[in-house]
Amino acid sequence: MATQNRPLSPHLQIYRWQISSVLSILHRITGIALAVGSLLLVYWIIAAAVGPEAFAQAQNLIGSILGRLLLFGWTYALFFHLVNGIRHLFWDMGWGFELKTVSITGWTAVIAALLLTLIAWGLGYWQMELL
């Protein structure tokens, strides 16, 4: 019996990433990001309850460039997790497993999450202008 020298499973050197696997990993990462990002929201609410000085500190943190970047990422994570979760619901019903459909819905989830994030932030800044 001849022995073949080949990998028994796909290794990272030869594995070609697919949209479905990348988005599955991203779905898990955004779920964790939402849980961790919720701590920032809890901090902000507690600071509001503690008093004006604590709330001003929280506002300064959240209003900083770093704070806004974190909020933007949290917003994207929220919308991506939502849109991709809806995609998974369709999969649970047995719809959308064709390779072309998986690719189209995957990219649609990424783009829709970005558009929803930009719309939410645009509306937020627009609302601030009205005040």
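For the structure itself, look to the data block above.
Residues numbered from 1 in each chain as written. Predicted model: local features only at pLDDT ≥ 70, side-chain atom pairs only at ≥ 80, totals over all residues. Heavy atoms only, no water.

S.K.: Sorry, what's going on with the overall build of the protein here?
M.R.: Of regular secondary structure, the protein possesses 4 helices and 0 strands. Start at the N end of the protein and walk to the C end: the helices and strands fall as α-α-α-α. For the protein, the C-alpha radius of gyration of 21 Å lies well beyond 14 Å, the compact-globule estimate for 131 residues. The dimensions of the protein, computed from C-alpha atoms along their principal axes, are 80 × 30 × 25 Å. Classification of the 131 residues of the protein by burial places 22% in the buried group. Taking all contacts inside the protein whose residues are at least 6 apart in sequence as the whole, residues at least 24 apart take part in 68%. (Helix = DSSP H or I, 4+ residues; strand = E, 2+ residues; numbered from the N terminus. Rg over C-alpha atoms; globule rule 2.2 N^0.38 Å. Buried < 20%, exposed > 50% of the residue type's maximum accessible area, 1.4 Å probe, protein only. Contact = heavy atoms within 4.5 Å.)

S.K.: I keep staring at the packing of helix α2 (residues 52–63) against helix α3 (residues 65–92) and nothing clicks. Help me out?
M.R.: Axes are the key here: two packed helices are described by the angle between their axes and the distance separating the axes. Running from amino to carboxyl end, α2 crosses α3 at an angle of 70°, the nearest separation of the two axes being 4 Å. Taken together, α2 and α3 sit at an angle that is classed as roughly perpendicular. For the pair α2 and α3, the contacting residues are Leu-61, Ile-62 and Gly-63 in the first and Ile-65, Gly-67, Arg-68 and Leu-71 in the second. Here the residues of the contact of α2 with α3 are counted per class, giving 4 nonpolar, 2 polar and 1 charged. (Axes fitted to C-alpha atoms, helices over the stretch in contact; angles between N-to-C directions. Parallel < 35°, antiparallel > 145°, perpendicular 65-115°, else oblique. Nonpolar A, V, L, I, M, F, W, Y, C, P; charged D, E, K, R; others polar.)

These values are about where atoms sit, not about what they do.
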